[in-house]
Structures are given as C-alpha cells and as structure tokens.
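# Remarks on the overall topology
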Amino acid sequence: MAQQREQAADDAMMSRIGQAVMLHHGGDREEAQGRFLGLWAEIGEDGDPLHRCTLAHYMADTQDDPSDELAWDLRALSAADSLTQERLAEHESSLALQAFYPSLHLNLAADYVKLDRPEPARSHLTRARAAAGALGDDGYGDGVRAALTRLEERVATMGAGPAEPRAGRGPGGEPLGPPRAGS
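Quick caveat, the model's predicted, so the values are computed rather than measured. (Residues numbered from 1 in each chain as written. Predicted model: local features only at pLDDT ≥ 70, side-chain atom pairs only at ≥ 80, totals over all residues. Heavy atoms only, no water.)

The number of helices and strands found in the protein chain is eight helices and zero strands. The burial tally for the protein chain puts 43% of its 183 residues in the buried class. Considering only contacts in the protein chain between residues 6 or more positions apart, those separated by 24 or more positions represent 60%. Of the roughly 9,300 Å² of accessible surface on the protein chain, 50% is carried by carbon and sulfur atoms. (Helix = DSSP H or I, 4+ residues; strand = E, 2+ residues; numbered from the N terminus. Buried < 20%, exposed > 50% of the residue type's maximum accessible area, 1.4 Å probe, protein only. Contact = heavy atoms within 4.5 Å. Areas by Shrake-Rupley, 256 points an atom, 1.4 Å probe, with all protein chains shown as cover.)

Right, let's talk about the packing of helix α6 (residues 101-114) against helix α8 (residues 139-156) for a bit. Following both chains from N to C, one finds α6 and α8 inclined at 30°, their axes separated by 10 Å at the closest point. Judged on the interaxial angle alone, α8 and α6 are roughly parallel. The chirality of how α6 crosses α8 is left-handed. In contact with Pro102, Ser103, Leu106, Ala109, Ala110 and Val113 of α6, α8 contributes Tyr140, Val144, Ala147, Leu148, Leu151, Arg154 and Val155. Taken together, the residues of the contact of α6 with α8 break down into eleven nonpolar, one polar and one charged. (Axes fitted to C-alpha atoms, helices over the stretch in contact; angles between N-to-C directions. Parallel < 35°, antiparallel > 145°, perpendicular 65-115°, else oblique. Left-handed = near helix turned anticlockwise from the far one by under 90°. Nonpolar A, V, L, I, M, F, W, Y, C, P; charged D, E, K, R; others polar.)

Here we come to the packing of helix α3 (residues 49-59) against helix α4 (residues 66-82). Between α3 and α4, whose axes approach to 8 Å, the crossing angle comes to 155°. Taken together, the axis directions place α3 and α4 in an arrangement best described as roughly antiparallel. The way α3 lies across α4 gives a crossing that is left-handed. Along its contact with α3, which presents Pro49, Arg52, Cys53, Leu55, Ala56, His57 and Met59, the element α4 presents Trp72, Asp73, Arg75, Ala76, Ala79, Ala80 and Ser82. Across the contact of α3 with α4, the residue classes break down as nine nonpolar, two polar and three charged.

In this section: the packing of aromatic side chains. Inspection of the entire model under this criterion finds one aromatic pair. Note on Trp40 and Trp72: the rings are 5.0 Å apart at their centroids and 85° apart in plane angle, and the pair reads as edge-to-face. Of this pair, Trp40 sits in helix α2 (residues 29-43) while Trp72 sits in helix α4, and the two are 32 residues apart along the sequence. Side by side, Trp40 and Trp72 carry an identical accessibility label, which is buried. The aromatic ring of Trp72 is capped on one face by Arg75, whose charged end is 4.2 Å from the ring centroid. (Phe/Tyr/Trp six-rings, centres within 6.5 Å; stacked < 30°, edge-to-face > 60°. Lys NZ or Arg CZ within 6 Å of the ring centre and 35° of its normal.)

Turning to its location among the elements, Met158 is positioned in the segment after α8. On the accessibility criterion, Met158 (12% relative accessible area) is buried. As for Met158 and Arg117, which are separated by 41 residues in sequence, their C-alpha atoms are 9.1 Å apart. With sequence-adjacent residues up to four places away left out, Met158 is seen in contact with Val113, Asp116, Arg117 and Pro118.

With that settled, consider the nonpolar core. Grouped together as the largest cluster of nonpolar side chains are 47 residues, with contacts concentrated most on Ile17, Phe36, Leu55, Leu106 and Leu151. Every element with two or more residues in this core is listed here: α1 (2-25), α2, α3, α4, α6, α7 (118-131) and α8. Among the elements that make up this core, the one with the highest residue count is α6 (eight residues). Residues in contact with Phe36, not counting those within four places in the same chain, are Ile17, Ala20, Val21, Leu55, Tyr58, Met59 and Thr62. (Core = buried A, V, L, I, M, F, W, Y, C linked by side-chain atoms within 4.5 Å.)

The predicted coordinates ought not to be read in detail in places where the model reports low pLDDT. In the predicted model, the protein chain carries a mean pLDDT of 85, and 80% of its residues have values of at least 70. Contacts for the low-pLDDT stretch residues 1-5, under 50 throughout, to residues beyond four places or in other chains number zero contacts. The model gives residues 161-167 a pLDDT under 50, and that stretch makes seven contacts with residues more than four places away or in other chains. (pLDDT = per-residue confidence, 0-100.)

See the structure below:
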C-alpha cells in the first residue's frame, strides 16, 4: 500500500513537470520557469533523481543566460548519474537509462558552444557520440543523431570563420542541441 502511494506521488510529480513543459512548449516560458522553480524547491537537491533529471533537463531550456542553462544541464547530468535503471523502470518500463546520455551530453556541448568554449564542447560531443548507440531507431533517436552531427560540424569550425551562430542557433539557423522529448 505504501509503495502504491509513493508511485502515485511519483506520477503526480512527473505530471506536474509535464504540465510545465507544455506551458513552455506553448510559448509561456516565464510561467513554465516559475513552475519549474517551485517544483525544484519541492524536490530539493537531494530528491528523486528521476524528478531532478527531468526537471533540470527542461529548466535549462527556459534560461536566457547560457551560463544558467549550463548549470541546469549539469544538474540534469548529475541526477542521471545517480538514477538507477530500476527507478526509471518504476516510472516507465520501456525507457533505458543509457538512452538519456546522448541528449544530456549533447545539451552540455551546445551550452559550451554558446559560451565559446570549444574544448569542453568537444569532450561532451565525444561522450554523446559514444553513448548514441543506446538511442532507438525512431524519430527521437534520429533527431539526436542529426543534432549531434550538426553540432560536431559547428565545433569543428569554431574560430575558423566569421559565421557566428545566432543565440542558441547554428550558422544555418538550426538549433544547436538535440530535440527535447515532446517537442
């Protein structure tokens, strides 16, 4: 009975995070950010790693300052590192923990590109590429792999020419990071 109550609470928190994500995707970035901050206060720095990873992953997208975006993406990676496959399966049995890492490292690489720090960007691109085998052969996996290739090309030319990306965008206007689930 206690486990059922815990699972219902987990589902409620994931639902609340999902509602804030929908607000953000609907264009209400400020409201989404406010809700994410409130949820983060509830979860806490030592709360459930699945909740922390999910929330931090999406909170990064609401940041105006690339340094703040980096801080949230680092929180997401840290939470993923403390997440177990068993905990993830309690939420969604079809998810594989290793499939989180390509996107998490790709986001960090994109953050470092925005901050004009090519060496840490390359390091995270290497990690993302190494983890990409865990991605499925589906739209999400294809999107992450395509974003990885675009960002690798961008990092290869950093400092090589005048084509600077628009805020958060590559030279052709494409997003620097991977697609986010649900977008």
